[in-house]
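Structural features, examined
Here is how the chains run, residue by residue.
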Amino acid sequence: NKKMPVHSTDLSSTTVMPDYICKYMAVVSMDQRQTYKDNFNAEYEEYRVLHARVEKITRHFTQLDAQCRRLPPGTKEYQAVHEEVVKEYNKMRLHSPNYQVEKQRCEYLHNKLAHIKRLIADFDQRSSQSWS
Amino acid sequence: PVEGPKTGDANCVDEILKEMTQSWPPPLTAIHTPCKTEPSKFPFPSKDTQHASFP
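Given the structure is predicted, the values throughout are model-derived calculations rather than measurements.

**So, the overall build of chain B**
A tally of helices and strands in chain B yields 2 helices and 0 strands. Buried residues in chain B amount to 22% of all 55 residues.

Following this line, the structure appears as structure tokens:
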């Protein structure tokens, strides 16, 4: 039973084209390349910070998940890890109430920056071919 | 303000783990390549990666 999509994080289901697809087209000049690179760098730091934060939390829960899987259900240890998961989750929501929003923002930046980077790489490749 | 699994019931741990262990891609690396130097007007051999692959 699906919840109301108030805070939907399912980006794959969206059919709206991201804004950067129209904004960043193929690079055709060195000036344009520089502008794209500057734009990339302008948001790269924010991206890295968000990425690291999500990565850290994901890693932590992945470790707890692995522990759960190793332990036989019904044991004390299993129960303890389950309680730990709930505790850590509540702690995370307290310290990072905007976690889902930040994660979504990071995913957006990831795709956007990857797009810009790819355009620059394509340009570099075309340039090196035409020069050789 | 984020809707999440309600803690307390038996399935909530599974739900939390499912939500919190979604695969996360490694970070994008910065754009390193300074642009390749201008066309080969210069006679010096350029030290780019193509040469690095030679034994």
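Back to the text.
**Section: the environment of Gln67 of chain A**
Of note, Gln67 of chain A is situated in helix H2 (residues 30-70). For the pair Gln67 of chain A and Glu77 of chain A, spaced 10 residues apart in sequence, the C-alpha separation works out to 9.4 Å.

**Side note on the nonpolar core**
Counting 35 residues, the largest nonpolar core has Tyr36, Tyr47, Phe61 and Val85 of chain A together with Ile16 and Met20 of chain B as its most contacted members. Where this core is concerned, the elements lending two or more residues are H2, helix H3 (76-95) and helix H4 (99-131) of chain A together with helix H1 (12-20) of chain B. With 10 residues, the top contributor of residues to this core is H2 of chain A. With sequence-adjacent residues up to four places away left out, Phe61 of chain A is seen in contact with Val85, Glu88 and Tyr89 of chain A together with Ile16, Leu17, Met20 and Thr21 of chain B.

**Notes on H3 of chain A**
Residue and element names in this part refer to chain A. Helix length check: H3 (20 residues) gives 28 Å between terminal C-alpha atoms against 28 Å at 1.5 Å per residue, within 8%. Buried within H3 we find Tyr78, Val81, His82, Val85, Val86, Glu88, Tyr89 and Met92. The arc that holds the buried residues of H3, viewed along the axis, is 165°, so those residues lie on one side. Exposed and facing more than 90 degrees away from the buried side of H3 are Lys76, Glu83, Lys87, Leu94 and His95.

**As for the confidence of the model for chain A**
Considering every residue of chain A, the mean pLDDT works out to 89; 87% of them sit at 70 or more. Between residues 1-8 of chain A, whose pLDDT stays under 50, and residues either more than four places distant or in other chains, the model counts 6 contacts.

**Let's talk about the pattern of salt bridges**
Residues and elements named next belong to chain A. In total, this model carries 9 salt bridges over all chains according to the counting rule given. Between Arg105 and Glu46 there is a salt bridge, with its nearest N and O atoms 2.9 Å apart. On the criterion of sequence distance, the pair formed by Arg105 in helix H4 and Glu46 in helix H2 is long-range, its members being 59 residues apart. Given the relative accessible area of 30%, Arg105 is considered partly exposed. Judged by its relative accessible area of 33%, Glu46 is partly exposed.

**Looking at the packing of H2 of chain A against H1 of chain B**
The N-to-C vectors of H2 of chain A and H1 of chain B enclose an angle of 135°; their axes lie 9 Å apart at closest approach. Comparing their axes, H1 of chain B and H2 of chain A come out oblique. Read as a crossing pair, H2 of chain A and H1 of chain B show a hand that is left-handed. Along the contact surface, H2 of chain A presents Ile57, Thr58, Phe61, Asp65 and Cys68 of chain A, while H1 of chain B presents Ile16, Leu17 and Met20 of chain B. Within the contact of H2 of chain A with H1 of chain B, the residues separate by chemical class into 6 nonpolar, 1 polar and 1 charged.

**Here's the deal with the packing of aromatic side chains**
Two numbers describe a pair of aromatic rings. These are the distance of the centres and the angle of the planes. Residues and elements named next belong to chain A. Per the stated rule, a full pass over the model turns up 4 aromatic pairs over all chains. An angle of 85° between the planes, with centres 4.9 Å apart, marks the rings of Tyr24 and Tyr36 as edge-to-face. Here Tyr24, found in the loop between helix H1 (19-23) and H2, pairs with Tyr36, found in helix H2; they are 12 residues apart in sequence, far enough to count as distant. One exposure class covers both Tyr24 and Tyr36, and it is buried.

**Regarding the confidence of the model for chain B**
Per-residue pLDDT for chain B averages 66, and the proportion of residues at 70 or more is 40%. Within the model, pLDDT remains below 50 along residues 37-55 of chain B, and this stretch shows 6 contacts once partners closer than five positions in the same chain are excluded.

Conventions adopted
Residues numbered from 1 in each chain as written. Chains lettered and ligands numbered in written order. Predicted model: local features only at pLDDT ≥ 70, side-chain atom pairs only at ≥ 80, totals over all residues. Heavy atoms only, no water. Helix = DSSP H or I, 4+ residues; strand = E, 2+ residues; numbered from the N terminus. Buried < 20%, exposed > 50% of the residue type's maximum accessible area, 1.4 Å probe, protein only. Core = buried A, V, L, I, M, F, W, Y, C linked by side-chain atoms within 4.5 Å. Contact = heavy atoms within 4.5 Å. Expected span 1.5 Å × (residues − 1). Arc of directions from axis to C-beta. pLDDT = per-residue confidence, 0-100. Salt bridge = Lys/Arg side-chain N within 4 Å of Asp/Glu carboxyl O. Axes fitted to C-alpha atoms, helices over the stretch in contact; angles between N-to-C directions. Parallel < 35°, antiparallel > 145°, perpendicular 65-115°, else oblique. Left-handed = near helix turned anticlockwise from the far one by under 90°. Nonpolar A, V, L, I, M, F, W, Y, C, P; charged D, E, K, R; others polar. Phe/Tyr/Trp six-rings, centres within 6.5 Å; stacked < 30°, edge-to-face > 60°.

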